[in-house]
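Fold and geometry: a report
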Amino acid sequence: MFRTKSGEEIFIIDGHMHLWDASPENVLNKYGQGFIDCFYAYHANLSPPEYVWDEATYAKYGADRMVKDVFGDGYVDMGIFQPTYLTDFYKNGFNTIEQNAELKNRHPDRFILNGAWDPRDGEKGLKDLEAMVDNYGIKGCKLYTAEWKGDSKGYKLTDPDSLRYLEKCLELGIKNIHVHKGPTIWPLNKDAFDVADIDEVATLYTDLTFVVEHCGLPRLDDFCWMATQESNVWGGLAVVMPFIHLRPRYFAEVMANLLFWVGEDKLTFASDYAIWHPKWLVEKFIDFELPEDIKQEFGVDLTMEVKKKILGLNAAALYGIDIEAQKQKLKNDGLAIAA
Amino acid sequence: MMDLPLPLKHMEVMKEDKANASEEVYQQLAEVYDPELDQPLTELGFIGGVDIAGEKVTVRFRLPTYWCAANFAYMMASDIRERVSELPWVQKVDVLLQDHFHDEEINEGIKHGKPFLTAFPDATESLDDLRETFRVKAFQARQERVLRWLKGKGLQEEAILEMRVGDLEQLLKKRPVAKQVERYLNIRHERGLPGDNSAEAFSHHDGTPIDPGGLQMLLNKASSTRLSMEFNTAFCSGLLNTRYGKDQQGLQNAALLKDKTKESTGVIEA
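Residues numbered from 1 in each chain as written. Chains lettered and ligands numbered in written order. Predicted model: local features only at pLDDT ≥ 70, side-chain atom pairs only at ≥ 80, totals over all residues.

If you tally the helices and strands in chain A, you get 14 helices and eleven strands. Taking 2.2 N^0.38 as the reference for a compact globule, 339 residues should give roughly 20 Å; the C-alpha atoms of chain A span a radius of gyration of 19 Å, in line with that estimate. Taking the principal axes of the C-alpha coordinates as reference, chain A spans close to 55 × 45 × 40 Å. In chain A, which comprises 339 residues, the proportion classed as buried is 50%. The long-range fraction of contacts in chain A, counting pairs at least 24 apart against all pairs at least 6 apart in sequence, stands at 77%. (Helix = DSSP H or I, 4+ residues; strand = E, 2+ residues; numbered from the N terminus. Rg over C-alpha atoms; globule rule 2.2 N^0.38 Å. Buried ≥ 20, exposed ≤ 12 C-beta atoms within 10 Å, placed from the backbone. Contact = placed C-beta atoms within 7 Å.)

On to the domain arrangement of chain B. Residues and elements named next belong to chain B. When cut into domains, chain B gives domain 1 (16-119) and domain 2 (128-243). Domain 1 and domain 2 are separated by 27 Å when their C-alpha centres are compared. Contacts between the two partners involve eleven residues from domain 1, matched on the other side by 13 residues from domain 2. When grouped by side-chain class, the residues that make up the side of domain 1 that touches domain 2 number five nonpolar, four polar and two charged. (Domains from an automatic or database assignment. Nonpolar A, V, L, I, M, F, W, Y, C, P; charged D, E, K, R; others polar.)

Moving on, we get to the environment of Asn100(A). Residues and elements named next belong to chain A. Examined against the element boundaries, asparagine 100 turns out to sit in helix α4 (residues 97-106). In this structure the C-alpha to C-alpha distance between asparagine 100 and alanine 325, which are 225 residues apart in sequence, comes to 24 Å. With sequence-adjacent residues up to four places away left out, asparagine 100 is seen in contact with Leu19, Phe81, Pro83, Asn95 and Leu113.

Residues and elements named next belong to chain B. Of the residues in chain B, 85% reach a pLDDT of 70 or more, and the chain-wide mean stands at 88. Helix α11 (residues 249-257) is the least confidently modelled element of chain B, averaging 47 in pLDDT, while strand β1 (residues 33-34) averages 98, the highest of any element. Counting contacts from residues 249-270, a segment whose pLDDT is below 50, to residues more than four positions away or on other chains yields 35 contacts. In the predicted complex, the global pTM is 0.91; the interface-specific ipTM is 0.89. (pLDDT = per-residue confidence, 0-100.)

What follows concerns the pairing of strand β4 (residues 78-81) of chain A. Regular strands place their side chains on alternate faces of the sheet. Residue and element names in this part refer to chain A. Burial along β4 is two-sided: Met78 and Ile80 and Gly79 and Phe81, pointing in opposite directions, are all buried. In the sheet, strand β3 (residues 13-17) pairs with β4 via three bridges, with the strands oriented parallel. Note on β4: the bridge partner recorded for isoleucine 13 is methionine 78. Strand direction decides the pairing type here: β4 and strand β5 (residues 111-113), joined by three bridges, are parallel. If you follow glycine 79 over to β5, its bridge partner there is phenylalanine 111. For the crossover from β4 across α4 to β5, the handedness is right-handed. (Pairing = 2+ DSSP bridges. Right-handed = clockwise from strand over helix to strand, strands pointing away.)

With that settled, consider the interface of chain A and chain B. Between chain A and chain B, the contact holds 26 residues from the first and 32 residues from the second. Counting only elements with at least two residues in the side of chain A that touches chain B, the list comes to α1 (30-46), α8 (220-227) and α10 (248-261) of chain A. For the side of chain A that touches chain B, the element with the highest residue contribution is α1(A), accounting for eight residues. Classifying every residue of the side of chain A that touches chain B by side-chain character gives 14 nonpolar, four polar and eight charged.

What follows is the structure, given as structure tokens:
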């Protein structure tokens, strides 16, 4: 919970967080090392210096630190776990739903547990998806279309097998599909960040909501024009947020574009913890104002009402969270440090 | 002044030749662009160094992350080879992409001058479409910077759409926008758009005219493309610095060259 100077309470849902293990014991090959090194560069490059960790801590920080950082220091009321398996790179996976569920069991009201699927897992994957609903009651899934699996170096949402999984999601009541796009070598001759496949499935499955994590960056333009046409395509702000610190002018321009094309009701705050710490992101975001010329040009504004939507109300709507009831549940769990 | 003994004098000359050769190579590399960012590799710091041994040139090439897209890396590596090969004294060019998940395949492919489809047998099409997609984005972003400046000067849509290439040539004398105009004129030329003074200064990338009343929408769209490229450039530069440190040989060489390059980036810094 963040309290403004005037005493107003702002409920915060962090839409994208991880509890990963990239320790040397878990790294399977050079790709696993390359993956965490790349994550570390994101972290070290865009965090204020006092928030930069050493590499060993970053590789495996553990549940206690996460709970303290996010809910203790970081003002976050609830966090959405977005699992990332990467079992071709890490022996026990990078962060799986089973690992995340352990922490949710300890703090059941603090986490929203999402699942994951991969169309290349065939029949078994469909059964696993059913089990995730039975065991954890998941309402959302995280997809990583750039994930390697044996000889395959990625997939598209329009693949026939992907459509089967999307159908299954509808059947099981999994409404929120979070899609991460990232560099891959497949399809080799195409742009790996191309969001055209999301466009197509968003039209096909209007009862599903597709949250494009990282707002399609670095293809913000393609994402904006797609999201403006598809009412069920949202933007997740992980990776956009940290630019507020080093590049505030770019951050303002990106936010103005997102508010103009996508709209204030379809954007969700996220830290991508542990890549970035929510504490400084939330503090800077609450204080941030769009420069006058950008407001004029786009005809949008980032008012406190808009910020409240982005910081929590939108994600609450997506996951059916009753904020007042949730506040009562969280009041006495002792995790939040009184502001 | 004391005359140097002959062998030493010879070495001095060799050293100077080598410096000239290196400068020539960097001049060529300044013409190689990252297709996504529309910036020269020399200014991005992607050139890790150049080694010259007689007629053989080795260019060390590195990227901001281990996972940078292999297809774009291949385009840049093959452009490096092509540009450096244009120097008359160069007989052989090796490109050494470093610290990349596909460095072996890419270096091997470039070394033997293989087209992309041969280097990556799983690929089904050449990279031509991808390259064209990003050249169109580059056109839009370069045009948007000029249009934005003109609007900032208070010009109305009608006046802007009436402008001719000759008017743009005049703008080359105006310092704050000269680089942007030069970059825009260059990409018009590259795309074969009319270059005579009386030709319309602004059009869509394929030369079709902008409809009256359509300028604002064109600007709105082009501004997100321009922003994506600049945002991505800022991100990539930061990641490269984190990876290789700020005092890189490549960036130093780029700084030396900055005044000499035909076309500097002209990005308006945020």
